[in-house]
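Examination of the molecular architecture
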Amino acid sequence: MQIKTEEISLAILKQKKIRLFVKRIDKVHPFISGNKWYKLKYNLIAAKEKGFKTILTFGGAYSNHIAATAFAAQEKGFKSIGIIRGEEHLPLNSTLSFVVESGMELHYVSRTDYREKTTPDFLEKLKVQFGSFYFIPEGGTNELAIQGTAEILEANDPQDYICCAVGTGGTISGIVNSSVAKQKVLGFSAIKGSEQLEKDISTWTNKENWKLITDYHFEGYAKISDELIEFITSFNKERNIPLDAIYTGKMLFSILDLVAKDYFQKGSSILAIHTGGLQGNKGMNGRFGLNLPTK
Ligand SMILES: *Cc1c(COP(=O)(O)O)cnc(C)c1O
């Protein structure tokens, strides 16, 4: 697939003799955002082949995965059901109104029940309630998703470091699997705590050339600082690249901070994957009265 890669020019990069590129997989589809497009690809093919009519998945009320799944399911002729963490809030936020418009049926479960979501018992209850469905886990990560995310990094991406944002680890795992041994894959964790994540990525990958960077989560998922907002706003104004506040903004901020701290070898090149997620900025804008870019 033809995906654009843009080089970023900045004084700090020139000074440190580092070249930084951004691969715009956020542009792969207008509504099935970035990495989620790759994660859904083989799952929806499998669902169709197995004759399923309905896709069921889980997520939070602002989830990029829920938004992407709703649209992709509709595009491929499936009915979709979203099990949403927490209570219903009306009017629906930007993410949930989008998914309802895309034909997704929403069911809310309490935070306590939501924690049980992967137990066989809970899934069995859902089958009784909704009939047969093709199940996609929260965040969309499973083996078929990783088969898809392996297509993000292509043979003509020659950079020394490949960087991506990490939530469940499905995206970085695919990238590691298609990287070459001399490339180093760095994952920037959007959440606090990474032990389980490290284990998961180890089981999904076939190489050791990766590392999780965990000290730039800005206090955790969906927490935002003024510094980060300022960075995203000026990056969009000066480079014309919109970043989201949960994943790609934190990643780019961190990469530039690491460049300043001489983390990367002089003369090396970095490819940052823009995994999308801009629909999430709409939710941030709505909740916090911000003006983050949304496309
Ligand atoms: C979901 C998402 C991620 C995290 O992907 P995982 O495969 O769960 O690690 C990263 N970036 C964006 C923009 C996302 O929406």
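Residues numbered from 1 in each chain as written. Predicted model: local features only at pLDDT ≥ 70, side-chain atom pairs only at ≥ 80, totals over all residues. Heavy atoms only, no water.

Observations regarding the nonpolar core
In this structure, I55, V99, I175 and I273 are the most contacted members of the largest nonpolar core, which totals 43 residues. In terms of residues, this core owes the most to one element, helix α3 (residues 64–75), which gives seven residues. Split by domain, the residues of this core number at least three in each of domain 1 (5–31 + 143–288) and domain 2 (35–140). In contact with I175, not counting residues within four places along its chain, are T149, I152, L153, I162, C164, V185 and I273. Counting residues in hydrophobic clusters, the runner-up holds 35 residues, among them F188, I241, L252 and I270. (Core = buried A, V, L, I, M, F, W, Y, C linked by side-chain atoms within 4.5 Å. Buried < 20%, exposed > 50% of the residue type's maximum accessible area, 1.4 Å probe, protein only. Helix = DSSP H or I, 4+ residues; strand = E, 2+ residues; numbered from the N terminus. Domains from an automatic or database assignment. Contact = heavy atoms within 4.5 Å.)

Digging into the site of the ligand
Near the ligand you find 15 residues, and of these K36, K39, T168, T171 and T275 are the closest. One of the side-chain nitrogen or oxygen atoms of N35 is found 3.1 Å away from an oxygen atom of the ligand. A distance of 2.7 Å is found between an oxygen atom of the ligand and a side-chain nitrogen or oxygen belonging to N64. Computed on the free molecule, the ligand has an accessible area of 390 Å², of which 98% lies beneath the protein chains in the complex. At the level of secondary structure, the elements contributing two or more residues to the shell around the ligand comprise α2 (34–49), β7 (161–166) and α8 (170–178). In terms of residues, the shell around the ligand owes the most to one element, α2, which gives three residues. For the shell around the ligand, the residue count by class is three nonpolar, 10 polar and two charged. (Near = heavy atom within 4 Å. Polar contact = N/O pair within 3.5 Å; in protein donor to acceptor, adjacent residues only side chain to side chain. Areas by Shrake-Rupley, 256 points an atom, 1.4 Å probe, with all protein chains shown as cover. Nonpolar A, V, L, I, M, F, W, Y, C, P; charged D, E, K, R; others polar.)

Digging into a negative patch on the surface
On the surface, D113, E116, D121 and E124 cluster together to form a negatively charged patch. Here E124 shows up in helix α6 (residues 120–130). Here E124 falls in the partly exposed class, since its relative accessible area comes to 47%. (Patch = residues over 30% accessible without salt bridge, like charges linked within 9 Å, V, L, I, M, F, W, Y side chains within 5 Å. Salt bridge = Lys/Arg side-chain N within 4 Å of Asp/Glu carboxyl O. Lys, Arg positive; Asp, Glu negative; His and termini not counted. Charge placed at Lys NZ, Arg CZ, Asp CG, Glu CD.)

Observations concerning the packing of helix α10 (residues 226–239) against helix α11 (residues 248–260)
Between α10 and α11, whose axes approach to 10 Å, the crossing angle comes to 90 degrees. Comparing the axis directions of α10 and α11 gives the class roughly perpendicular. Along its contact with α10, which presents E227, L228, F231, I232 and F235, the element α11 presents G249, K250, L252, F253 and L256. Of the residues in the contact of α10 with α11, the class split is seven nonpolar, one polar and two charged. (Axes fitted to C-alpha atoms, helices over the stretch in contact; angles between N-to-C directions. Parallel < 35°, antiparallel > 145°, perpendicular 65-115°, else oblique.)

Brief notes about the environment of K27
Of note, K27 is situated in the loop between β2 (19–23) and α2. Exposure remark for K27: the relative accessible area of 58% places this residue in the exposed category. When the C-alpha positions of K27 and G276 are compared, they lie 7.6 Å apart, and in sequence the two are 249 residues distant.

Let's talk about the pattern of salt bridges
Within this structure, the stated rule accounts for 13 salt bridges. For the salt bridge of K4 with E6, the shortest nitrogen-to-oxygen distance reads 3.8 Å. Given a relative accessible area of 19%, E6 falls into the buried group. In this structure, the salt-bridge partner of D262 is K16, at a minimum N-O distance of 3.0 Å. Placement of D262 in the loop between α11 and β10 (269–273) and of K16 in helix α1 (residues 11–16) is noted, with a sequence separation of 246 residues between them. Assessed through its relative accessible area of 14%, K16 is described here as buried. A network of salt bridges, in which partner residues are shared, links K4, E6, R24 and D26.

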